[in-house]
Amino acid sequence: MKKSILVSLLLAAAFVFAARAQAQVLVIANPGVKASDVSKDDLREVFTGNATTLKDGSRVVPILLKAGTTHEEFLQAYIGKSDTAYRAGWRSLVFSGQASMPKSLETDAAVVDFVAHNNGAIGYIGKASPHEGVKVLAVK
Amino acid sequence: MKQFLMGVVMLALTVIPARAQSMEDLNIQIHGYATQGFLYTNQNNLFTTNSSDGSPAWSEAVVNVTAQPDSKLRVGVQARYFLLGNIGNAITLDWANADYKFNDKLGVRFGKVKMPSNLFNEVQDIDPSYMWALLPQSVYTLTNRNSALSQYGGLVYGTLKLGNNLGKVEYRGWGGEQVLGGDDGYWIGLREAGMNLPNGLSGSNIGATLHWKMPFKGLMIGGTDTRKPAWSSQLTFAPAPGVLLTGSMDVKSFNQWATFAVYEKNKIMLAGEYNKLAPGITLSFPHLPIPFPVDKRQWYGMASYKVTQKLSAGIYDSQQINHALPLGPARFSKDWVISGRYDFNQFLYAKAEQHFIDGTDNYFDENLNPNGIQPTTKLTVLKIGVSF
């Protein structure tokens, strides 16, 4: 009995933490991107350099935050890697001639500005950040 | 072909800037990394270093420049400085290529391109990208590495979704000319026996690699096969002072294949690979045929765990056996390894690794072990790296 209560509590805690992590980040895209939602798998493929299109055929280019809580939460919720592991993955692509490093910007405002003005750009910002001029993609 | 391909790449490098409206349009990036290693062995000198005294003679530095004027086209070039004991100490062209990606299903790359054979060949020289100080030496031998990395030619690549929850397949196919330089680590044994390949050894090769990312999340299985038609090159032999024989090294056409699997979930990574290498090599001099027997099976299994955001730890067992050699320590090499990596920040990291090596089919040259090679060796590797 005790064991099953403990397992239930742990599962509930894991669910709450996962939901919290996802809730703190908004995924945004240039208004020219057709899609209004994106799957977690597609998001991971795009942000790890394994894909350049979403399921609906929209061609996208990932934009990163350089560091910070929102960046860490995004990686934890959608990529499943620490920052060091994530950047190591990109370095293997860059130094083997397979890709260019995605643009990394300092602030949420800079990400919003860049995404708003560049076709196909897709990025992430904190939930509370202003985001005029971009569309918010629901993550399914 | 080599000159033609490099000419086309250089043309692209000059035409693209001319067409761009601004430097910002070119999305020019410069990246690099540098590493410094330290090797210490309890006995036997390895990798052409004086490792039994402790050797820092393992340095690398890489810098690349890429331009990506639009999301489909990318042009770049990468140079490398490499020093390992008596090997290298020179700057070489790592890759220089133009890449056009039509969509996720089809892309093409040509110029000097990396060969994506095996599980790690494409990234085996990119130290910042993995946790190990040394990749499993049975398959990714450090002294033989540089000539195995790239070729002059082309590559097609893409990802195909299989549908109906069957996962997806990443494919790569390549063809071109591979060049094994005369001063490459491949030929340490030959050089110490008084033989040289003044023009190196080169020839055409084609290959393909498939990675099946299975519906069972985190699991990838794959295979690679490379076909090398017959290669031949001039070989010289100085058996005594003032005597120089000229002959040839001939390699019969052969296939080199490997199969591998990787499982990654959360903080855990498991991987394994099995490789077969059996080229028919003949060293021919008038009235002096010299056998060069190679019939190798090479494999490893590895596991790593992300202990914290900054600390990773892992183990692997790497083994190889050369069936063409007589029984004894020179016929095999077995290497048990424990390893750790610490990332101080996004740019700076350190690695520490302990190897327990049994057998002498890898790592060792005769000149630096004049009293003979002992059958077992303990190797400690420390490494620090910085990348930007």
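Residues numbered from 1 in each chain as written. Chains lettered and ligands numbered in written order. Predicted model: local features only at pLDDT ≥ 70, side-chain atom pairs only at ≥ 80, totals over all residues. Heavy atoms only, no water.

Peer 1: Which parts of the structure should I look at to understand empty space enclosed by the protein?
Peer 2: In this approach a probe as big as a water molecule rolls over the atoms, and the regions it shows empty are the leftover space. Residues and elements named next belong to chain B. This structure, assessed with the given rule, holds one cavity of 30 Å³ or more. Taken together, 14 residues line the largest cavity, and the ones lying closest to its centre are Gln124, Tyr130, Leu135, Leu142 and Arg145. Considered class by class, the residues forming the lining of the largest cavity number seven nonpolar, two polar and five charged. (1 Å grid on protein atoms, 1.4 Å probe; cavity = no way out; pocket = protein on both sides within 12 Å on 5 of 7 lines; lining within 4 Å. Points joined across faces, edges and corners; volume = space filled by probe spheres on them. Nonpolar A, V, L, I, M, F, W, Y, C, P; charged D, E, K, R; others polar.)

Peer 1: Sorry if this is basic, but what is going on with the packing of helix α2 (residues 40–47) of chain A against helix α3 (residues 69–79) of chain A here?
Peer 2: For any two helices packed against each other, the geometry is given by the interaxial angle and the distance between the axes. Residue and element names in this part refer to chain A. At their nearest, the axes of α2 and α3 sit 9 Å apart, and the two run at 120° to each other. In terms of axis orientation, α2 runs oblique to α3. On α3, the residues that touch Lys40, Leu43, Arg44 and Phe47 of α2 are Phe74, Ala77, Tyr78 and Ile79. Along the lines of polarity and charge, the residues of the contact of α2 with α3 split into six nonpolar, no polar and two charged. (Axes fitted to C-alpha atoms, helices over the stretch in contact; angles between N-to-C directions. Helix = DSSP H or I, 4+ residues; strand = E, 2+ residues; numbered from the N terminus. Parallel < 35°, antiparallel > 145°, perpendicular 65-115°, else oblique. Contact = heavy atoms within 4.5 Å.)

Peer 1: Whenever I open this one, the pairing of strand β17 (residues 296–306) of chain B confuses me. Can you help?
Peer 2: Looking along a regular strand, one sees the side chains alternate between the two faces of the sheet. Residues and elements named next belong to chain B. As paired strands, strand β14 (residues 268–277) and β17 are joined by 10 bridges and run antiparallel to one another. Bridging from a neighbouring strand, methionine 269 pairs with serine 304 of β17. Here β17 hands over to strand β18 (residues 311–322) after four residues, the two strands then running antiparallel side by side. (Pairing = 2+ DSSP bridges.)

Peer 1: Just to check I follow, could you spell out the pattern of salt bridges for this structure?
Peer 2: Any two side chains of opposite charge can pair if their charged atoms end up close together. The final tally for this structure, using the stated rule, is 22 salt bridges over all chains. When the shortest N-O distance is used, the salt bridge between A:Arg87 and A:Asp83 registers 2.9 Å. Placement of the pair is A:Arg87 and A:Asp83 together in helix α4 (residues 83–95), with a separation of four residues, close to one helical turn. Exposure class is identical for A:Arg87 and A:Asp83. Each is buried. Overlapping salt bridges bring together B:Glu60, B:Arg80, B:Asp94, B:Lys114, B:Asp125 and B:Arg145 as one network. (Salt bridge = Lys/Arg side-chain N within 4 Å of Asp/Glu carboxyl O. Buried < 20%, exposed > 50% of the residue type's maximum accessible area, 1.4 Å probe, protein only.)

Peer 1: Where do I start with the packing of aromatic side chains in this structure?
Peer 2: Aromatic rings in a pair are described by how distant their centres are and how their planes are angled relative to each other. All chains considered together, the criterion is met by 15 aromatic pairs over all chains. Here the aromatic rings of B:Tyr140 and B:Tyr300 are separated by 6.3 Å at their centres, their planes lie at 55°, and the arrangement is tilted. Of this pair, B:Tyr140 sits in the loop between β5 (106–114) and α3 (145–148) while B:Tyr300 sits in strand β17, and the two are 160 residues apart along the sequence. In terms of burial, B:Tyr140 and B:Tyr300 fall into one category: buried. On the basis of an interplanar angle of 75° and a centroid distance of 5.1 Å, the ring pair of B:Tyr342 and B:Phe344 is categorised as edge-to-face. Taking the relative accessible area as the measure of exposure, B:Phe344 reaches 40% and is therefore partly exposed. Taken together, the ring pairs connect A:Phe47, A:Phe74, A:Tyr78 and A:Tyr124 into an aromatic cluster. (Phe/Tyr/Trp six-rings, centres within 6.5 Å; stacked < 30°, edge-to-face > 60°.)

Peer 1: Can you help me understand the sheet that holds strand β16 (residues 290–292) of chain B in this one?
Peer 2: Sheets are built from strands that pair by backbone hydrogen bonding, the pairs being arranged parallel or antiparallel. All names here are of chain B. Strands sit in the order β8-β11-β12-β15-β16 across an open sheet of five strands; the sheet is antiparallel. Of all strands in the sheet, those with a lone pairing partner are β8 (195–196) and β16, marking the two edges. Pairing analysis gives eight bridges linking strand β11 (residues 231–240) to strand β12 (residues 243–251), with the strands arranged antiparallel. Counterpart to threonine 236 in the pairing with β12 is threonine 246.

Peer 1: Help me out: how do you make sense of α4(A) in this one?
Peer 2: Three or four residues apart is the spacing at which side chains of an α-helix point the same way, because the helix has 3.6 residues per turn. All names here are of chain A. Over its 13 residues, α4 runs 18 Å from end to end, which matches the ideal 18 Å to within 8%, given 1.5 Å per residue. Buried residues dominate α4, accounting for 11 of its 13 residues. One or two steps after α4, the chain reaches glycine 97, where phi turns positive at roughly 80°. (Expected span 1.5 Å × (residues − 1).)

Peer 1: Can you help me understand the interface of chain B and chain A in this one?
Peer 2: Buried accessible area, meaning the area lost when the parts come together, often serves as the stated size of an interface. Listed per partner, the contact involves 41 residues of chain B and 30 residues of chain A. For the chain B and chain A pair, buried surface summed over both sides reaches about 2700 Å², with 43% attributable to carbon and sulfur atoms. The largest per-residue losses of area from chain B upon contact with chain A belong to B:Arg74, B:Asp104 and B:Gln346, which jointly make up 20% of the total buried on that side. Our count for the contact surface shared by chain B and chain A stands at two salt bridges. Here A:Glu45 ties to B:Lys168 by a salt bridge, and the two come within 2.0 Å at their closest N and O atoms. Applying the counting rule to chain B against chain A returns 21 residue pairs in polar contact (both at pLDDT 80 or more). Among the secondary structure elements, those contributing two or more residues to the side of chain B that touches chain A are β1 (29–41), β2 (55–67), β3 (73–84), β4 (87–103), β5, β6 (150–161) and β7 (168–180) of chain B. By residue number, the principal contributor to the side of chain B that touches chain A is β4(B), which donates five residues. For the side of chain B that touches chain A, a count of residues per class yields nine nonpolar, 16 polar and 16 charged. (Buried area = accessible area lost by both parts, 1.4 Å probe. Polar contact = N/O pair within 3.5 Å; in protein donor to acceptor, adjacent residues only side chain to side chain.)

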